[in-house]
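Understanding the architecture of this molecule
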Amino acid sequence: MNSNIILMSPADSNIYKFFERQFKVIKSDCLNDFISYERYHADMQALNINGHIFVNSSCQNLISKLTSEKISFTECSNVGSKYPANVALNAAFTGKYLICKESALHIQAKDYC
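Quick word on the overall build of the protein chain
When helices and strands are tallied, the protein chain shows three helices and seven strands. If you list the helices and strands of the protein chain from N to C, you get β-α-β-β-β-α-β-β-β-α. Evaluated residue by residue, the protein chain yields a buried proportion of 36% over its 113 residues. The long-range share in the protein chain, meaning contacts at least 24 apart out of those at least 6 apart in sequence, stands at 40%. With the model as given, the accessible surface of the protein chain reaches about 7,000 Å², and the carbon-plus-sulfur share is 48%.

Now the structure itself:
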């Protein structure tokens, strides 16, 4: 995994300009099935656990970008657009702990842990 890559929402244009000076920035997908303010949320599209990336299979543009960057990942299907299914990849890995709603965490991420 390249530590110089950041995944972020394309809506954050000023932040994007700041980060692209030092990092390769991969913009998140637009998930039209999600409610409007969640459509570009990178934290609902991908989860990085200790360098292993889980990606919502609905994010075809993101999957294409990760593939072209030669970044390995696990595609996760059945991530819904309504709560609690939409938070299946919304978690924070601190190096020792995974902070998430355990009952909503995607099964592939649970199995990995």
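There's plenty left to go through after this.
Describing the environment of glycine 80
Within the fold, glycine 80 resides in the loop between strand E5 (73–76) and strand E6 (92–93). With relative accessibility at 23%, the residue glycine 80 sits in the partly exposed group. For the pair glycine 80 and phenylalanine 34, spaced 46 residues apart in sequence, the C-alpha separation works out to 8.4 Å. Apart from residues lying up to four places away in sequence, glycine 80 is in contact with Phe34, Ala85 and Asn86.

Focus: the pattern of salt bridges
Across all of its chains, the model carries one salt bridge by this definition. The partner of glutamate 69 in a salt bridge is lysine 24, and the shortest N-O contact between them spans 3.4 Å. Of the two residues, glutamate 69 sits in the loop between helix H2 (60–68) and E5 while lysine 24 sits in strand E2 (residues 24–27), which places them 45 residues apart along the sequence. For glutamate 69, a relative accessible area of 31% puts it in the partly exposed group.

Rules behind the numbers
- Residues numbered from 1 in each chain as written.
- Predicted model: local features only at pLDDT ≥ 70, side-chain atom pairs only at ≥ 80, totals over all residues.
- Heavy atoms only, no water.
- Helix = DSSP H or I, 4+ residues; strand = E, 2+ residues; numbered from the N terminus.
- Buried < 20%, exposed > 50% of the residue type's maximum accessible area, 1.4 Å probe, protein only.
- Contact = heavy atoms within 4.5 Å.
- Areas by Shrake-Rupley, 256 points an atom, 1.4 Å probe, with all protein chains shown as cover.
- Salt bridge = Lys/Arg side-chain N within 4 Å of Asp/Glu carboxyl O.

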